[in-house]
Amino acid sequence: MALLWALALVLAVAVAVAAVIAVRSASGPAQPVRAYLAALQAGDGGRALGALHAQVPPGSASLLDGAPLRDSMSRIRDLSVGTPSSAANGRENVPVTFSSGGSNFTTNFLVEQTGTDWLFFPRWSIVPAALPSIQASVVNSSRATINGVEVNMPSGRNSFPVFYPGSYVGALPGQYFAADPTTAVVSQKSGLIPLTLATKATPALVAAINDKAKEFLDQCAKTASTQQRLQPYCPFAYQTDNRIVDGTIAWSITQYPSASVTPFNGQWTVSPLSGKARLTARQIDLFTGHVSQLNVERDFQFMVNLSVSGSTITITPVFG
């Protein structure tokens with residue numbers, strides 16, 4: 001009987017030790033960090049902010065909760081909470097390692113004891129600090145998307161406080177103007193992280209401008225031929241001292257322009273459009289009376305003003 005009581009006492013002590021170890025592990029310096037990371041993965045911004053005790057800098061709160069927050073964690077790989085190490089003033093440093101986009105990162109969380117549980121188990125909390133902010137900019141647009149949600153970009157800029165670690169992808173989808181996705185990985189506790197979206201004209205816009213320029217030039221050549229004019233109100237013209245036989249003037253376009261659209265001073269400009277036009281006619285030398293065939297190709301260049309309203313594209317030629 002004594003042996004049984006002794007065995008029972010040993011088992012009770014073992015269970016008690018195991019329980020103490022388990023409680024210490026669950027309530028150790030890494031516990032608040034694990035709770036914070038779990039809140040991020042759940043997209044629960046309120047719970048994450050409570051665990052982090054962070055100061056939220058000015059800016060749009062669009063990325064601090066829900067789908068954008070979950071999306072920020074979807075590109076975080078190999079997330080691991082490391083072994084705490086001693087820091088100044090009785091605090092502990094808890095490293096968190098992860099990878100994203102093929103690169104490795106480390107974020108260090110400073111924690112401090114804020115009380116005890118069950119009289120002798122330390123209670124730990126993350127030391128408060130300011131959240132970092134994404135400083136986003138987009139060329140010639142007042143909107144963009146970040147982590148799949150559309151955000152306002154007044155004058156092409158905005159500031160977005162964000163949690164860390166996280167991956168934030170900005171883009172500008174559009175039919176005629178668009179910016180390719182750009183990623184900013186946030187691993188630091190505070191500071192400003194740039195996210196620059198380089199908006200460009202889409203191939204659809206360039207093709208539409210080229211088509212409209214072709215339509216304009218073809219009509220211009222047709223009108224010049226109908227009106228039998230060497231100097232029509234067109235980007236191309238021809239001068240000669242010879243006499244041109246009436247009814248023989250014919251203009252045609254042999255090389256059409258290829259548009260290039262660039263941002264300038266908050267607007268979109270089309271670079272000068274260049275091409276070639278051919279003139280055929282019969283001419284008479286006024287000194288000799290000799291009649292010959294005229295066949296010349298003329299280089300031309302002109303500007304256009306571009307206007308895009310919804311799905312409507314307008315170009316206004318400027319020349320003369």
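Quick note: structure is the one above.
Overview of the structure. Sequence order as written defines the numbering, with residues in each chain counted from 1. Only residues with pLDDT of at least 70 are given local features in this predicted model, and only at 80 or more are side-chain atom pairs given and counted; all residues enter the totals for whole chains, interfaces and linings. Each side-chain value is derived from all of the structure's non-hydrogen atoms; neither hydrogens nor water enter the calculation.

### What about the state of the cysteines?
And then number 1: Working definition: a disulfide is two cysteine sulfur atoms within 2.5 Å of each other. If you walk through the whole model with that rule in mind, you get 1 disulfide.
And then number 2: Here C220 pairs with C234 through a disulfide, and the sulfurs are 1.9 Å apart. Disulfide C220-C234: the torsion about the S-S bond is -110°, which places it as left-handed. A residue pair is termed long-range when its members are at least 10 positions apart, and C220 in helix α5 (residues 203–226) and C234 in the loop between α5 and β14 (243–244) qualify at 14 residues.
And then number 3: When accessible area is computed with a 1.4 Å probe and restricted to protein chains, residues below 20% of their type maximum are described as buried, those above 50% as exposed, and intermediate ones as partly exposed. The class of C220 is buried, set by a relative accessible area of 8%.
And then number 4: Owing to a relative accessible area of 10%, C234 belongs among the buried residues under this scheme. Helix and strand assignments follow DSSP, with helices taken as H or I runs no shorter than four residues and strands as E runs no shorter than two, numbered in order from the N terminus.

### Let's talk about the layout of surface pockets
And then number 1: In this analysis a 1.4 Å probe is tested at points of a 1 Å grid over the protein atoms alone, and where it fits but cannot get out there is a cavity; an open set with protein on both sides within 12 Å along at least five of seven lines is a pocket; lining residues have an atom within 4 Å of a point. Grid points are joined across faces, edges and corners, and a volume is the space filled by probe spheres set on the points. Put simply, the largest pocket is a space of about 320 Å³.
And then number 2: Forming the walls of the largest pocket are 17 residues, and the residues nearest its centre are N140, Y176, F177, W268 and V308.
And then number 3: The dominant element in the lining of the largest pocket, judged by the number of residues it contributes, is strand β19 (residues 291–309), at 3 residues.

### Things to note about the nonpolar core
And then number 1: By nonpolar core we mean a set of buried residues, namely Ala, Val, Leu, Ile, Met, Phe, Trp, Tyr and Cys, connected to one another through side-chain atoms within 4.5 Å. Among the nonpolar cores identified, the biggest contains 43 residues, and Y36, L52, F109, I134 and F163 are the most heavily contacted of them.
And then number 2: Per-element tally for this core: the top contributor is helix α2 (residues 31–42), with 5 residues.
And then number 3: Contacts were defined at the residue level, with two residues in contact if any of their heavy atoms lie within 4.5 Å. Discounting chain neighbours no more than four positions away, the residues touching F109 are V33, Y36, L52, E92, N93, V94, V96, I126, Y164, P165 and K189.
And then number 4: Counting residues in hydrophobic clusters, the runner-up holds 36 residues, among them Y176, A208, C234 and A277.

### Side note on the packing of aromatic side chains
For any two aromatic rings, the description comes down to two numbers: the centre-to-centre distance and the angle of the planes.
And then number 1: In this scheme Phe, Tyr and Trp rings, the latter by its six-membered ring, pair at centre separations within 6.5 Å, and the angle between planes marks the pair as stacked below 30 degrees, edge-to-face above 60, and tilted otherwise. Within this structure, the stated rule accounts for 13 aromatic pairs.
And then number 2: Summarising the aromatic geometry, the rings of Y36 and Y164 are spaced 6.2 Å apart at their centres and angled 55° between planes, so their arrangement reads as tilted. Highlighted residues: Y36 in helix α2 and Y164 in the loop between β9 (157–161) and β10 (166–172), separated in sequence by 128 residues.
And then number 3: Overall, the relative accessible area of 0% leaves Y36 in the buried class.
And then number 4: A centroid spacing of 6.0 Å and a plane angle of 45° characterise the contact between F216 and F319, whose relative ring orientation is tilted. With F216 in helix α5 and F319 in the segment after β20 (312–318), this pair connects stretches of sequence that are 103 residues apart.
And then number 5: Through successive ring pairs, a cluster of aromatic residues spans F216, Y233, F236, W251, F300, F302 and F319.

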